[in-house]
Each structure stands twice: as structure tokens, then as C-alpha cells.
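Residue strings, one per chain:
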Amino acid sequence: MATVFVVANQKGGIGKSTTATNLAGILGQKAKTLLIDADPQGNSSSTYDAKIDDAATLYDVMIDSEKLPISEAIQHTENGDIVASDPLLVKAEKMLDGDVEGFYRLKDALEGLEGYKYVVIDTAPSLNIILYNCLIAADKVIIPVTADAYALQGISQLYDTIMAVKRRQNKDLSIAGLLLVRYAGRSNLERDTREDIEKTAKQMGTKLFKTVIRECVKTKEAQENKRLLIDYAPKCNTCLDYIDFSKELLRK
Ligand SMILES: Nc1ncnc2c1ncn2[C@@H]1O[C@H](COP(=O)(O)OP(=O)(O)OP(=O)(O)O)[C@@H](O)[C@H]1O
Ligand SMILES: [Mg+2]
């Protein structure tokens, strides 16, 4: 069975998709890795240049009554293997409502996945049924945070959600850690916030990863060019940091 990492934080625009895509790309250099885009916005699918129309997506795997085997929804792109998202995923709440197995669709689907060592799931900025599906299917949660005044806003809600899933549906779930992303490190505020984040991580029974992901303009550029940093700008700070982060993540 693959190790399943979920990148989650219901705060929008903090670096989930950037983390998920670059992590999947780096892990993919070592072992067979699948990226799953569980966000209807489809930013990871876009970075991977995956097809959404005329292609099987996570919608067909999770929501459609036919329940397509996940292997049939994998696209092999130049950046790596991906199950793309579909804007129709916003309908998940309604379609899975009232189905006792509605929370287990992704877990069930991943049971049929063979040959992958790692699965990385990118999630949407919301605490909805898709996120529950991801947490129930996962081994470890990576929580990206930025070092700004609102960095920890909503984090206790996310923590409660993870703990509720751990108690009831997935006892093996754990928080791998909080990951400080888009770090410029220039202001005192950033440095103070970093200490607060470290404290919060401890309170959550987890850690702040030692590796901090620094900002770099190449990040956005790579995304616009539908490429990953390891291939587009392997020497830029953000890429070097994601490489260190992936090592730290896998270290026992
Ligand atoms: N290390 C970095 N250096 C520079 N820009 C970055 C970095 N990480 C992320 N960004 C930029 O920040 C923006 C938000 O990042 P991203 O899309 O990964 O966030 P997100 O949490 O997935 O957002 P959403 O909640 O909408 O899914 C993007 O424009 C991205 O290019
Ligand atoms: Mg995103």
C-alpha cells in the first residue's frame, strides 16, 4: 500500500497546491508517485497540464454512480502521474449527502491502486465532505502555513476536524507537521509568528518542520509554464527547500 499524504488548510491561497505539486514531483524522482487533485479549482491539474474535459477525473472515481476504478483516471503527464480534478466536484456535498458510504469513496478507490509508493493529495480551502474523504484515506496530513498575522486563523478548526476523523474513521491518521511556506524572513512579524506557529504545533501534538520554504519568483513562473520547479528552476530557493522538506518528511 502507498503512503498517502494530504496537504490541507482551509485557508485559501497559502501554498497548498504549490506544496502538493512540487512534493509529488520530487517524490516522483525517487519512487512511483501519484498526485490527486481534490480541489474543484483544479490548480494542480493545471500545473500538471492535465485534461479535464474528455478525460476521466476524480469526479468519475468518487461521485459518479459507475465509480470508475482509479487506475482508469490516472493521466501520465510530463510532470508525473495525476488524477485530475473537475469543477463538478463542487456538487460532491449534494451527491454524497445521505449516502452512508459517502465519506469512504476515496479510501475505497485507493484500495484498488497498485504499484505506487506515494500518493499526494491537494485539497480545496474548505472543510467539506471531500476533505473528509481525503483525511479518511490518508496516513499523514501536511499543513502549510504562512508567517503572517492571520497565519493560525482557523487552524484549531482544522485540528478538530483531523482529530474527529482520527477518533471515528481513521485511527492511523497523524499530522506530519506544520510547514512554513512562502517565507521571506525579512520582518520581525514573520520571525515572531514563526515562534507562535512552533508553539501551536506543539499544542497540536505535532511539530513545525525544520525546513522552511522560502519564496521565489520562479514559483509562479513555473506554474504559468505548467512545469515543476525541479525541472524549471531546480536551483531556486523554493525548489531547494522543497527538496529538503521531502527528505525531512521521509526521515523516520
Ligand atoms: N514559495 C513560493 N514563492 C513564491 N510564490 C509562491 C510560493 N508558494 C506559493 N506561491 C504563490 O502563492 C499563490 C498561492 O499558492 P497556492 O495556489 O499553492 O495556494 P493554495 O493554498 O493552493 O490556494 P487555494 O486555497 O486557492 O487552493 C500562488 O500564486 C503561488 O504561485
Ligand atoms: Mg490550491
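Up top is the structure.
Parameters and conventions
Residues numbered from 1 in each chain as written. Chains lettered and ligands numbered in written order. Predicted model: local features only at pLDDT ≥ 70, side-chain atom pairs only at ≥ 80, totals over all residues. Heavy atoms only, no water. Helix = DSSP H or I, 4+ residues; strand = E, 2+ residues; numbered from the N terminus. Polar contact = N/O pair within 3.5 Å; in protein donor to acceptor, adjacent residues only side chain to side chain. Contact = heavy atoms within 4.5 Å. Axes fitted to C-alpha atoms, helices over the stretch in contact; angles between N-to-C directions. Parallel < 35°, antiparallel > 145°, perpendicular 65-115°, else oblique. Nonpolar A, V, L, I, M, F, W, Y, C, P; charged D, E, K, R; others polar. Left-handed = near helix turned anticlockwise from the far one by under 90°. 1 Å grid on protein atoms, 1.4 Å probe; cavity = no way out; pocket = protein on both sides within 12 Å on 5 of 7 lines; lining within 4 Å. Points joined across faces, edges and corners; volume = space filled by probe spheres on them. Salt bridge = Lys/Arg side-chain N within 4 Å of Asp/Glu carboxyl O. Buried < 20%, exposed > 50% of the residue type's maximum accessible area, 1.4 Å probe, protein only. Pairing = 2+ DSSP bridges.

Draft legend 1. The side chain of S246, seen in detail. Relative to the helices and strands, S246 resides in helix α11 (residues 237-250). Among the polar contacts listed, one links the side chain of S246 to the backbone oxygen of I243, at a separation of 2.8 Å. Aside from chain neighbours lying at most four places away, what touches S246 is L23, I26, L27 and K30.

Draft legend 2. Local environment of the packing of helix α1 (residues 16-30) against α11. Where α1 contacts α11, the axes come no closer than 10 Å and their chain directions differ by 70 degrees. With respect to α11, the axis of α1 lies roughly perpendicular. Contacts from T18, T19, N22, L23, I26, L27 and K30 of α1 reach α11 at Y242, I243, F245, S246, L249 and L250. For the contact of α1 with α11, the class distribution of residues is eight nonpolar, four polar and one charged.

Draft legend 3. Representation of the packing of helix α6 (residues 129-137) against helix α7 (residues 155-168). It is at 10 Å that the axes of α6 and α7 come closest, and there the two elements cross at 55 degrees. With respect to their mutual orientation, α6 and α7 come out oblique. Every pair of crossing elements has a handedness; the one defined by α6 and α7 is right-handed. Note on element contacts: α7 touches α6 through L158, T161, I162 and V165, opposite L131, Y132, L135 and I136. Looking at the contact of α6 with α7, its residues break down into seven nonpolar, one polar and no charged.

Draft legend 4. Quick peek at the layout of surface pockets. There is about 620 Å³ of room inside the largest pocket. Lining of the largest pocket is provided by 27 residues; of these, G15, T18, R182, K220 and Q223 occupy positions nearest its centre. Here the lining of the largest pocket gets four residues from one element, more than from any other, and that element is α1. A breakdown of the residues in the lining of the largest pocket according to their chemical character gives seven nonpolar, 14 polar and six charged. Estimated volume of the second largest pocket: approximately 240 Å³. Lining the second largest pocket are 14 residues, with F5, K140, L249, L250 and R251 sitting closest to its centre. For the lining of the second largest pocket, the secondary structure elements donating two or more residues are β1 (3-7), β7 (174-180) and α11.

Draft legend 5. Structural detail: the pattern of salt bridges. Applying the stated criterion across every chain yields a total of six salt bridges. Ionic pairing is found between R105 and D99, a salt bridge with its closest N-O pair at 2.5 Å. By relative accessible area, which is 10% here, R105 ends up buried. A residue is classified by how much of its surface remains accessible, and D99, at 26% relative accessible area, is partly exposed. Between D172 and K171 there is a salt bridge, with its nearest N and O atoms 3.6 Å apart. Judged by its relative accessible area of 53%, D172 falls in the exposed class. Relative accessible area serves as the criterion here: at 64%, K171 is assigned to the exposed category.

Draft legend 6. Quick look at the sheet that holds strand β5 (residues 118-123). Spatially, seven strands are ordered β3-β4-β2-β5-β1-β6-β7 in an open sheet, and the strand pairing comes out mixed. Two strands close off the open sheet at either side, each with one partner strand: β3 (74-77) and β7. Each strand axis lies, on average, 25 degrees off the axis of its neighbour in the sheet, ignoring direction. One ladder, built from six bridges, connects strand β2 (residues 33-38) with β5; its direction is parallel. Among the inter-strand pairings, I36 is bridged to a residue of β5, identified as I121.

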